[in-house]
Amino acid sequence: GITANADHCRRTVERSIGIVTALKPFIGYANCTEVAQEALKTGGSVYQLVLDKKLLTKKQLDKILDPKHMVKPSKLVF
């Protein structure tokens, strides 16, 4: 009878500083560093900061952070 709270899990991942690692091939090291530092400083969401800075579209970001791509990396094409 135990089930995961998908919304809570998604929000937790989006706020995790660690997700910048998955973003590096797409936005570069410098942008990842900037986003991570700002998220740490402000308590903001990495996910939202990437969108606010227009580094990726929501569609691109969702595709990159899709758990199936994060567990089994593949070449993502946009």
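Structural notes, computed from the coordinates. (Residues numbered from 1 in each chain as written. Predicted model: local features only at pLDDT ≥ 70, side-chain atom pairs only at ≥ 80, totals over all residues. Heavy atoms only, no water.)

1. Side note on the pattern of salt bridges
Link 1 in the chain: Per the counting criterion, the structure on display carries three salt bridges.
Link 2 in the chain: Across the pair E38 and K53 runs a salt bridge, and its minimum N-O distance is 2.9 Å. Of this pair, E38 sits in helix 2 (residues 20-42) while K53 sits in the loop between helix 3 (46-52) and helix 4 (58-64), and the two are 15 residues apart along the sequence.
Link 3 in the chain: With a relative accessible area of 29%, K53 lands in the partly exposed category.
Link 4 in the chain: Put simply, E34, E38 and K53 are held in one network by salt bridges that share partners. (Salt bridge = Lys/Arg side-chain N within 4 Å of Asp/Glu carboxyl O. Helix = DSSP H or I, 4+ residues; strand = E, 2+ residues; numbered from the N terminus. Buried < 20%, exposed > 50% of the residue type's maximum accessible area, 1.4 Å probe, protein only.)

2. As for the nonpolar core
Link 1 in the chain: One finds L23, V46, V50, L56, L61 and L65 to be the most contacted residues of the largest nonpolar core, which totals 18 residues.
Link 2 in the chain: Every element with two or more residues in this core is listed here: helix 2, helix 3 and helix 4.
Link 3 in the chain: With seven residues, helix 2 is the largest single contributor of residues to this core.
Link 4 in the chain: Not counting residues up to four positions away in its chain, the partners in contact with L23 are G28, C32, V46, V50, L56, L61, I64 and L65. (Core = buried A, V, L, I, M, F, W, Y, C linked by side-chain atoms within 4.5 Å. Contact = heavy atoms within 4.5 Å.)

3. Notes on the environment of V46
Link 1 in the chain: Locating V46 in the fold gives a position in helix 3.
Link 2 in the chain: In the structure, V46 is positioned ten residues away from A36 in sequence and 6.7 Å away in space, judged by C-alpha atoms.
Link 3 in the chain: The contacts of V46, once residues within four sequence positions are left out, are E14, R15, S16, I17, I19, V20, L23, V35 and A39.

Nothing here speaks to function; it is geometry throughout.
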